[in-house]
Amino acid sequence: ARAEVQTTWRRLVSPVMTQTVMFVLLAVAVANGEHIVVVDIKGAFLYAMLLPDEMVYCRPPKGFENHPRFKGKIMRLRKALYGLAQAPRRWFEHMVAVLERHGLTRTVIDPCLFVLVTRGFVLKAGTHVDDFIFTTNDPHRFSEWFGEVWKERDIPSVSRLVMDGVDYMSLW
């Protein structure tokens, strides 16, 4: 029974970057004069597909209960929703696949820390659920790289942090 609970827990819980790793990522970026980009993905869980063996059903959303197409029916979810137990894990798996498709490699130190080093271009990414911290030595190449990722998924809120005037930043 205990092994079954552990397996279920692993299938539901999403890892998050530790504060220590986040502080080291930021400290290294500041020490090396790298550019820091913070990204928040709105509606992140809605991008994650449920596994084929996950059967989750729901009633039509408010306002659609009496619609002729949905009246008296239930719907099978294909994508994760906020509040669904497995949504964080499905989002994490989806996000890892996207980052790896675009050249980033997960580190051994932390499953939420990713690195890309190619031809003098260094990109590091730390993730915490639907928030990202990117650090890079080349902001122009980062913009090109991020443009490719952007095409794949809608990332509406991007703000660049510059070291001028930043005294305090809270991510939690």
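First, a word on what this report is: a plain description of the structure on this page.

Rules and cut-offs
Residues numbered from 1 in each chain as written. Predicted model: local features only at pLDDT ≥ 70, side-chain atom pairs only at ≥ 80, totals over all residues. Heavy atoms only, no water. Helix = DSSP H or I, 4+ residues; strand = E, 2+ residues; numbered from the N terminus. Buried < 20%, exposed > 50% of the residue type's maximum accessible area, 1.4 Å probe, protein only. Contact = heavy atoms within 4.5 Å. Areas by Shrake-Rupley, 256 points an atom, 1.4 Å probe, with all protein chains shown as cover. Salt bridge = Lys/Arg side-chain N within 4 Å of Asp/Glu carboxyl O. Core = buried A, V, L, I, M, F, W, Y, C linked by side-chain atoms within 4.5 Å. Pairing = 2+ DSSP bridges. Patch = residues over 30% accessible without salt bridge, like charges linked within 9 Å, V, L, I, M, F, W, Y side chains within 5 Å. Polar contact = N/O pair within 3.5 Å; in protein donor to acceptor, adjacent residues only side chain to side chain. Expected span 1.5 Å × (residues − 1). Arc of directions from axis to C-beta.

Points about the overall build of the chain
Looking only at helices and strands, the chain has 4 helices and 8 strands in total. In the chain, the succession of helices and strands from N to C terminus is α-α-β-β-β-α-β-β-β-β-α-β. Counting all 172 residues of the chain, 36% fall into the buried class. Within the chain, contacts between residues separated by at least 24 positions form 61% of all contacts whose residues are at least 6 apart in sequence. As displayed, the chain has an accessible area near 10,800 Å², and 59% of this comes from carbon and sulfur atoms.

Looking at the pattern of salt bridges
For the coordinates displayed, the defined rule picks out 4 salt bridges. The shortest N-O distance in the salt bridge between Glu93 and Arg89 comes to 3.5 Å. Here Glu93 pairs with Arg89, and both are found in helix α3 (residues 87-101), just 4 residues apart, close to one helical turn. Arg90 is the salt-bridge partner of Glu93, the closest N and O atoms lying 3.0 Å from each other. Separated by 3 residues within a single helix, Glu93 and Arg90 lie in helix α3, roughly one turn from each other. The class of Glu93 is partly exposed, set by a relative accessible area of 35%. Using a relative accessible area of 2% as the deciding quantity, one classes Arg90 as buried.

Here we look at unusual backbone geometry
With the exception of glycine, the majority of residues adopt a negative phi angle, and the majority of peptide bonds are in the trans configuration. Look at Arg119: it is not a glycine, yet its phi comes out positive at around 45°. Examined against the element boundaries, Arg119 turns out to sit in the loop between β5 (113-118) and β6 (121-128). Look at Val129: it is not a glycine, yet its phi comes out positive at around 55°. Within the secondary structure layout, Val129 lies in the loop between β6 and β7 (131-136). A relative accessible area of 31% places Val129 in the partly exposed class.

Digging into the nonpolar core
Trp91, Leu104, Leu123, Phe132, Phe134, Phe142 and Trp145 are the most contacted members of the largest nonpolar core, which totals 41 residues. Broken down by secondary-structure element, the contributors of at least two residues to this core are α2 (19-31), β1 (35-40), α3, β5, β6, β7 and α4 (139-152). Top element by residues in this core is α3. It accounts for 7 residues. Those residues within four positions of Leu104 in sequence are excluded, and the remaining contacts are Leu99, Phe114, Val115, Leu116, Leu123, Ala125 and Trp145.

Notes on the pairing of β6
Burial runs high along β6: 7 of the 8 residues are buried. Strand direction decides the pairing type here: β5 and β6, joined by 6 bridges, are antiparallel. Bridge pairing links Val117 to Val122 in β6. In textbook terms, the turn of a hairpin is the stretch between consecutive antiparallel strands, and for β5 and β6 this stretch comprises 2 residues, one of which, Arg119, has a positive phi near 45°.

Considerations on a nonpolar patch on the surface
Taken together, the side chains of Leu46, Leu81 and Tyr82 define a hydrophobic patch exposed on the protein surface, amounting to about 270 Å² of accessible area. One can find Leu81 in the loop between β3 (75-76) and α3. A relative accessible area of 35% means that Leu81 is categorised as partly exposed.

Quick look at the side chain of Glu34
Within the fold, Glu34 resides in the loop between α2 and β1. Among the polar contacts made by the side chain of Glu34, one reaches the side chain of Thr135 at a distance of 3.4 Å.

So, α4
Turn by turn, an α-helix covers 3.6 residues, leaving residues three or four places apart pointing in a common direction. The end-to-end C-alpha distance of α4, which contains 14 residues, comes to 20 Å, matching closely the 20 Å that a straight helix rising 1.5 Å per residue would cover. Buried within α4 are the following residues: Pro139, Phe142, Trp145, Phe146 and Val149. With its buried residues spanning 120° around the axis, α4 presents them on a single face. The exposed set on the far side of α4, more than 90 degrees from its buried face, consists of His140, Glu144 and Lys151. With a side-chain oxygen lying 3.1 Å from the backbone nitrogen of His140, the N-terminal cap of α4 falls on Asp138.

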